[in-house]
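Structural features, examined
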Amino acid sequence: MKQLPTGFNKDFLWGGAVAACQIEGAYDVDGRGLSTSDIRAYDKNMDRSHIEKEGGGTLAEIKALIQDTESYFPKRYGIDFYHTYKEDLALLKELGLKAFRTSISWSRIFPKGDELEPNEAGLKFYDNLIDEIIKDGMEPIITMSHYDIPLYLVTEYGGFANKKMIEFFARYAKVLLERYKGKVKYWIVCNQVNLVPTVQFGSLGIYDDQAENMEELMYQAVHNQFVAGAKVVELAKEIDSEAVMGTMVTDGTYYPATCKPEDVILTMKKNRMQYFFTDVQLRGEYPLYALRYFAENDIHVEISEEDERLLKENPMQFLAISYYSTKIVDHEKNTMKAFEGEQNPYLEPTPWEWRADPLGFYNSLSQYWDRYEVPLMIAENGLGALDTVEEDGSIHDEYRIDYLRKHIEQLKECVKDGVDILAYLSWGPIDIVSSSSAEMSKRYGYIYVDLDDLGKGSGKRLKKDSFYWYKHVIETNGEDLSTNL
């Protein structure tokens, strides 16, 4: 008879996750080219609770932002991790992290994206960074593309809507797989492939006036990204048999607003179109419900027989998931538009209206496991909040501890159900520039970074109360989640 799990495996990967475009800075150093992340300006008048999309615009607007010398672009500067990574990783080693997820900036390796040879200076930085991660006792988990597409590939090729992008991405991935063979085991090919149209600019490199039927263009770009991912899996089999390749989604699981059949059915259909992304990449073919949706909405995606072969023969090996909050679906207010939903009145709001739902974490992970039975990785989970530094330099972030504790409790419930979870990588173990709002004041970290929304400050690193709490969680392998430290 099978043994019931009682807790996390002794080799469970407790860690943290960041992205190059939000942490590194040094946007114009050592030959790096501009990327999609570099033209998101800080807007002090933003409505934090209603951020419809992250960056982008029309082609003319994008070209104007490239020439803009007046605005402040936070992701160009991050927290200067490019120069402080050794000191920052030493703090994460003290925290006790067993794994560290970061990404490689594509435009550091291929500044324009279509070159035949990589930029050696960019590769050298990642040589040193990955070696330092390993030296500090952490498993490097590397994302190949995290909202960091070379901007030239957008303005000159139209991003992933152009099939040439498959070749460009495969060339980039081949360089990484060969360079870091034996050092990087876990690869996430593309970050949050389903977060479209919200992040279609950073994820797919398509702009707002690129086509009359933007939904069709989006799904064509998604398809090309699927094919590129399958080619990368095929390359990994040839280059490094030890490499484990995964795809990643942000959780988009909805609840029906009521038990009205109309609410339940619309919710099911919206959830299913979120599973579409993982159905293709884990099951290796397009599901008929998605093809029906395309047919009924005048969406024509070019899918060749070679594309179908690549997808079928090269499924991803694990599923990485980011999880923050949930929403509900009301058939009288909502449509099939992705990530369109209502706030759950039973959950408490935050300034950014990301309503925490620990039980939803258990529900979502359970659904993905039951559907695919492939290893899961929690690639992101955390609470963005406004932190206050006291006069003595302390930061009492009990709200963050409470959020993380409740989510790890539900993660443990999944483990007890037999869900195979590789790692828990809390988002932003050190404060970084927010992806959604491009501000520093939305803080996730266990480590405070003294910089404001305009990049001003000492840059000093301070440990928050959550630093000591998470350190204890790791030391006890998730057995003691109490806050009485």
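In case you missed it, the structure is sitting above this.
So, a few notes on the structure that sits alongside this text. All values derive from a computational prediction rather than experimental measurement.

Rules of the game
Residues numbered from 1 in each chain as written. Predicted model: local features only at pLDDT ≥ 70, side-chain atom pairs only at ≥ 80, totals over all residues. Heavy atoms only, no water. Pairing = 2+ DSSP bridges. Helix = DSSP H or I, 4+ residues; strand = E, 2+ residues; numbered from the N terminus. Axes fitted to C-alpha atoms, helices over the stretch in contact; angles between N-to-C directions. Contact = heavy atoms within 4.5 Å. Parallel < 35°, antiparallel > 145°, perpendicular 65-115°, else oblique. Left-handed = near helix turned anticlockwise from the far one by under 90°. Nonpolar A, V, L, I, M, F, W, Y, C, P; charged D, E, K, R; others polar. Core = buried A, V, L, I, M, F, W, Y, C linked by side-chain atoms within 4.5 Å. Buried < 20%, exposed > 50% of the residue type's maximum accessible area, 1.4 Å probe, protein only. Phe/Tyr/Trp six-rings, centres within 6.5 Å; stacked < 30°, edge-to-face > 60°. Lys NZ or Arg CZ within 6 Å of the ring centre and 35° of its normal.

1. Brief notes about the sheet that holds strand β7 (residues 318-323)
With parallel pairing, 8 strands are arranged side by side around a closed barrel as β1-β2-β3-β4-β5-β7-β9-β10. Across the sheet, the mean angle separating the axes of adjacent strands is 25 degrees when strand polarity is ignored. Looking at chain direction, strand β4 (residues 186-190) and strand β5 (residues 244-250) are connected through 3 bridges and run parallel. Paired with Ile188 across the bridge in β5 is Gly246. In the packing of helix α5 (residues 120-135) onto the sheet, the strands contacted are β2 (99-103) and β3 (139-145), and the crossing angle to β3 comes to about 150 degrees. Contacting β1 (13-17) and β10 (421-427), helix α15 (residues 465-475) crosses the sheet at an angle of about 150 degrees to β1.

2. Re the packing of helix α9 (residues 214-239) against helix α10 (residues 261-283)
Where α9 meets α10, the axes come as close as 10 Å, and the angle between the chain directions of the two elements is 30 degrees. Our classification of the angle between α9 and α10 gives roughly parallel. Read as a crossing pair, α9 and α10 show a hand that is right-handed. For the pair formed by α9 and α10, the contact residues are Tyr219, Val222 and Phe226 on the first element and Met273, Phe276, Phe277, Val280 and Gln281 on the second. Residue classes in the contact of α9 with α10 are distributed as 7 nonpolar, 1 polar and no charged.

3. Looking at the nonpolar core
Counting 156 residues, the largest nonpolar core has Met245 and Phe276 as the members making the most contacts within it. For Phe276, the contacting residues outside a window of four places in its chain are Tyr219, Phe226, Tyr286, Pro287, Tyr289, Ala290 and Phe294.

4. Focus: the pairing of β5
Counting buried positions along β5 yields 7 of 7 residues, so the element is predominantly enclosed. Residues Val244, Gly246, Met248 and Thr250 point to one face of β5 and Met245, Thr247 and Val249 to the other, with burial holding for every one of them. Judged from the 5 bridges that link them, β5 and β7 form a sheet pairing that is parallel. Looking across to β7, one finds that Gly246 is bridged to Phe318.

5. Quick notes on the packing of aromatic side chains
All told, the structure shown has 39 aromatic pairs when counted by the stated rule. For the ring pair Tyr157 and Phe168, a centre distance of 5.0 Å and an interplane angle of 75 degrees mean the geometry is edge-to-face. Here Tyr157 is found in helix α6 (residues 151-157), whereas its partner Phe168 is found in helix α7 (residues 164-179), with 11 residues between them in sequence. Taken together through their ring pairs, the aromatic side chains of Phe8, Phe12, Trp14, Tyr424, Tyr446, Trp469 and Tyr470 make up a single cluster. Lying across the ring of Tyr27, Arg76 places its NZ or CZ 5.2 Å from the centre.

6. Some details on the environment of Glu332
Within the secondary structure layout, Glu332 lies in the loop between β8 (328-329) and α13 (358-372). Looking at Glu332, the relative accessible area reads 62%, which means it is exposed.

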